[in-house]
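Examination of the molecular architecture
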Amino acid sequence: MVMNKELISMLTMEDIVREGHPLLRKVAEEVTLPLSEEDQSILKDMIEFLRNGQNPEVAEEYGLRPGVGLAAPQINVSKRIFVVRTTDSQDELVEQAFVNPKIISHSQETTFLSDGEGCLSVDRSIDGTVPRYARVKIEAYDETGKKFTKRLRGFLSIVFQHELDHLNGIMFYDRIDEDDPLKKEVPASLKV
Ligand SMILES: O=CN(O)C[C@@H](CC1CCCC1)C(=O)N1NCCC[C@H]1C(=O)Nc1ccccn1
Ligand code: NI
């Protein structure tokens, strides 16, 4: 008997897990390499979701919120996988899968998005400064199972840290300082 192929399905906002779902607060499992067929198709769906969201016609058609990153726990898959699609400091398009990602070193200096952060799994806007390392040296595997290290800075570094937090059950607002949510300056001691 011929097994029928998985239906080609695109991810939509219904597939995005929202606040309150336990998976967003779990530490996701490492992925065994090389990636299984299933994990490879999960990665493809995740990249497609970001591409679709960044295509105004498709986003409009399917009611997608545009995202620059997506972590597997957000689509109810507790695995250490996320994808990023954005432009880097040289305005080059970066479309990258990160499997079993790790920060191996980071700057003392911190940075933050001046408008604060949001999250596709959070249907409310939360004001506040989310401190992130200004620069990170990371190690991960790509969709072919190849290990790579990269130095990230700027917006890409922030996106990476937001996604890595999702693999560790951390939400961006966990990092907002309640006593001084809108703090803008970085304590002098932290500047290198
Ligand atoms: O875990 C992954 N997510 O939750 C999707 C998030 C990830 C980003 C939030 C802050 C850093 C990574 C995402 O992309 N968004 N969050 C909701 C609003 C829309 C969108 C966004 O911030 N877009 C954006 C921001 C600045 C410049 C250009 N575009
Ligand atoms: Ni998020």
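Heads up: the structure comes first, above all this text.
Residues numbered from 1 in each chain as written. Chains lettered and ligands numbered in written order. Predicted model: local features only at pLDDT ≥ 70, side-chain atom pairs only at ≥ 80, totals over all residues. Heavy atoms only, no water.

1. Here's the deal with helix H1 (residues 37-53)
Taking 1.5 Å per residue, 17 residues should reach 24 Å; H1 reaches 24 Å between its end C-alpha atoms and fits that length. Taken together, the buried positions of H1 are Asp39, Ile42, Leu43, Met46, Ile47, Phe49, Leu50, Asn52 and Gly53. Packed against the buried residues of H1 are helix H2 (56-62), strand S1 (69-71), strand S2 (81-87) and strand S3 (93-106). (Helix = DSSP H or I, 4+ residues; strand = E, 2+ residues; numbered from the N terminus. Expected span 1.5 Å × (residues − 1). Buried < 20%, exposed > 50% of the residue type's maximum accessible area, 1.4 Å probe, protein only. Contact = heavy atoms within 4.5 Å.)

2. Let's talk about the site of ligand 1
As a matter of local geometry, ligand 1 sits amid 16 residues, with Val68, Gln74, Leu120, Glu163 and His166 nearest to it. Here an oxygen atom of ligand 1 sits 2.8 Å away from a polar atom, N or O, in the main chain of leucine 120. One of the side-chain nitrogen or oxygen atoms of histidine 166 is found 3.0 Å away from an oxygen atom of ligand 1. For ligand 1, whose accessible area on its own is 600 Å², the fraction buried by protein is 76%. The element best represented in the shell around ligand 1 is helix H3 (residues 154-167), accounting for five residues. In the shell around ligand 1, the residues fall into seven nonpolar, six polar and three charged. (Near = heavy atom within 4 Å. Polar contact = N/O pair within 3.5 Å; in protein donor to acceptor, adjacent residues only side chain to side chain. Areas by Shrake-Rupley, 256 points an atom, 1.4 Å probe, with all protein chains shown as cover. Nonpolar A, V, L, I, M, F, W, Y, C, P; charged D, E, K, R; others polar.)

3. Quick look at the nonpolar core
Core analysis: the biggest nonpolar cluster contains 23 residues, and Met46, Phe49, Leu70, Ile75 and Val83 have the highest contact counts within it. Ranked by residues supplied to this core, first place goes to H1 with six residues. Sequence-distant contacts of leucine 70, that is, excluding residues within four places in its chain, are made with Leu11, Ile16, Met46, Phe49, Leu50, Ile75, Phe82, Val83, Leu120 and Glu163. (Core = buried A, V, L, I, M, F, W, Y, C linked by side-chain atoms within 4.5 Å.)

4. Some words on the environment of isoleucine 126
In this fold, isoleucine 126 is placed in the loop between strand S4 (110-111) and strand S5 (132-133). In this view, isoleucine 126 contacts Glu117, Phe172, Tyr173 and Ile176; residues no more than four positions away in its chain are not counted.

5. Comments concerning the side chain of threonine 129
Residue position: threonine 129 is located in the loop between S4 and S5. Residue threonine 129 is classed as buried on the basis of its relative accessible area of 5%. Setting aside residues up to four positions removed in sequence, threonine 129 forms contacts with Phe112, Arg175, Ile176, Pro181, Leu182, Lys183 and Lys184.

6. Considerations on the coordination of the nickel ion (ligand 2)
Every protein donor of the nickel ion (ligand 2) is listed here as Cys119 (SG), His162 (NE2) and His166 (NE2), and their distances to the metal cover 2.1 to 2.4 Å. Expressed as a motif, the donor residue spacing for the nickel ion (ligand 2) is C-x42-H-x3-H. Remark: histidine 166 occurs in helix H3 and cysteine 119 occurs in the loop between S4 and S5; sequence separation between them is 47 residues. (Donors = N, O, S within 2.8 Å, 3.2 Å for Na, K, Ca; no water.)

7. Re the sheet that holds S2
The strand order across the open sheet built from five strands is S1-S2-S3-S6-S7, with neighbouring strands paired in antiparallel fashion. A strand with exactly one partner marks an edge of an open sheet, and here the two such strands are S1 and strand S7 (147-153). On average, each strand axis in the sheet is tilted by 40 degrees relative to the strand beside it, whichever way the strands run. In terms of strand pairing, S3 meets strand S6 (residues 135-141) through five bridges, oriented antiparallel. (Pairing = 2+ DSSP bridges. Axes fitted to C-alpha atoms, helices over the stretch in contact; angles between N-to-C directions.)

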